[in-house]
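# Coordinate inspection notes
The chain contents come next:
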Amino acid sequence: IGVSGSTDPRIAVKFLKAGANDFIAKQFNYEMLLCRITQNLDMLDAVNYAKDLAYTDFLSGLHNRRYFFEQGNRMLQAQSESAAFTVMIMDIDFFKKINDKYGHDVGDEVIKNFALQLKAHFPNDLVARIGGEEFAVISLSPQHLINFDLINAFREKISHQMISTKAQDFHYTCSIGVSS
């Protein structure tokens, strides 16, 4: 918010062209200042909310494909050639059969469960749902370069957990492709 005591009527335009969202000429009252500040903060909240909607998968709550590729490219560009950079592509095995056998509501629950497990298991990494039952992770951790134990532990964790539904309890598995 630009503030000026100048009497030049063009000063407000100069502030706005320079990037200000609002302008107040001196002498202003305190209530007007508070209203302008509140309006600008509300606008910033709305912009941030719109960005969150644009970059978040509604079902899983993870980042979406768009965010993954934009942020992933930024991460890749920022890394040196010798730095750790691991990409994992994951797929829920036989997901169509889950939807066909138990229904799409149960399939949605499997996706939500998988997303929660991903966020918990890879908390410091970029995790996203990139399509249907496909997920991706980018990790800058050097531990994945040494071995794949942590990644395999996630795969095993998924295969050993039980999903409980109204119809019945069942297991599901996932496949993981890794490149470091």
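Overview of the structure. Just so it is clear, the structure is predicted and the values come from calculations on it, not from any experiment. (Residues numbered from 1 in each chain as written. Predicted model: local features only at pLDDT ≥ 70, side-chain atom pairs only at ≥ 80, totals over all residues. Heavy atoms only, no water.)

On the surface, Ile 1, Val 3, Tyr 30, Leu 34, Ile 37, Leu 41 and Leu 44 cluster together into a nonpolar patch covering about 630 Å² of accessible area. Broken down by element, the nonpolar patch gets its largest block of residues, five residues, from helix α2 (residues 30-55). (Patch = residues over 30% accessible without salt bridge, like charges linked within 9 Å, V, L, I, M, F, W, Y side chains within 5 Å. Areas by Shrake-Rupley, 256 points an atom, 1.4 Å probe, with all protein chains shown as cover. Salt bridge = Lys/Arg side-chain N within 4 Å of Asp/Glu carboxyl O. Helix = DSSP H or I, 4+ residues; strand = E, 2+ residues; numbered from the N terminus.)

The next thing to look at is the sheet that holds strand β5 (residues 134-139). If you walk across this open sheet you meet the four strands as β4-β5-β3-β8, and the pairing is antiparallel. Looking along the sheet, the strands with just one partner apiece sit at the ends: β4 (126-131) and β8 (174-179). Averaged over all adjacent pairs, the angle separating strand axes in this sheet is 20°, with direction ignored. Pairing between strand β3 (residues 86-92) and β8: six bridges, direction antiparallel. Note that in β8 the partner of Ile 89 across the bridge is Gly 177. This element, helix α3 (residues 65-78), spans β4 and β5 of the sheet and lies at about 135° to β4. This element, helix α5 (residues 104-121), spans β3, β4, β5 and β8 of the sheet and lies at about 155° to β3. (Pairing = 2+ DSSP bridges. Axes fitted to C-alpha atoms, helices over the stretch in contact; angles between N-to-C directions. Contact = heavy atoms within 4.5 Å.)

Attention now moves to the pairing of β5. Of all six residues in β5, five are buried; the element is thus mostly enclosed. In this sheet, β5 lies alongside β3 in antiparallel orientation, the contact comprising six bridges. Bridge assignment links Thr 86 to a residue of β5, and that residue is Ser 139. Once β4 ends, the chain turns through two residues before running back antiparallel as β5. (Buried < 20%, exposed > 50% of the residue type's maximum accessible area, 1.4 Å probe, protein only.)

So, to be careful, I would describe these as geometric facts and stop short of saying anything about function.
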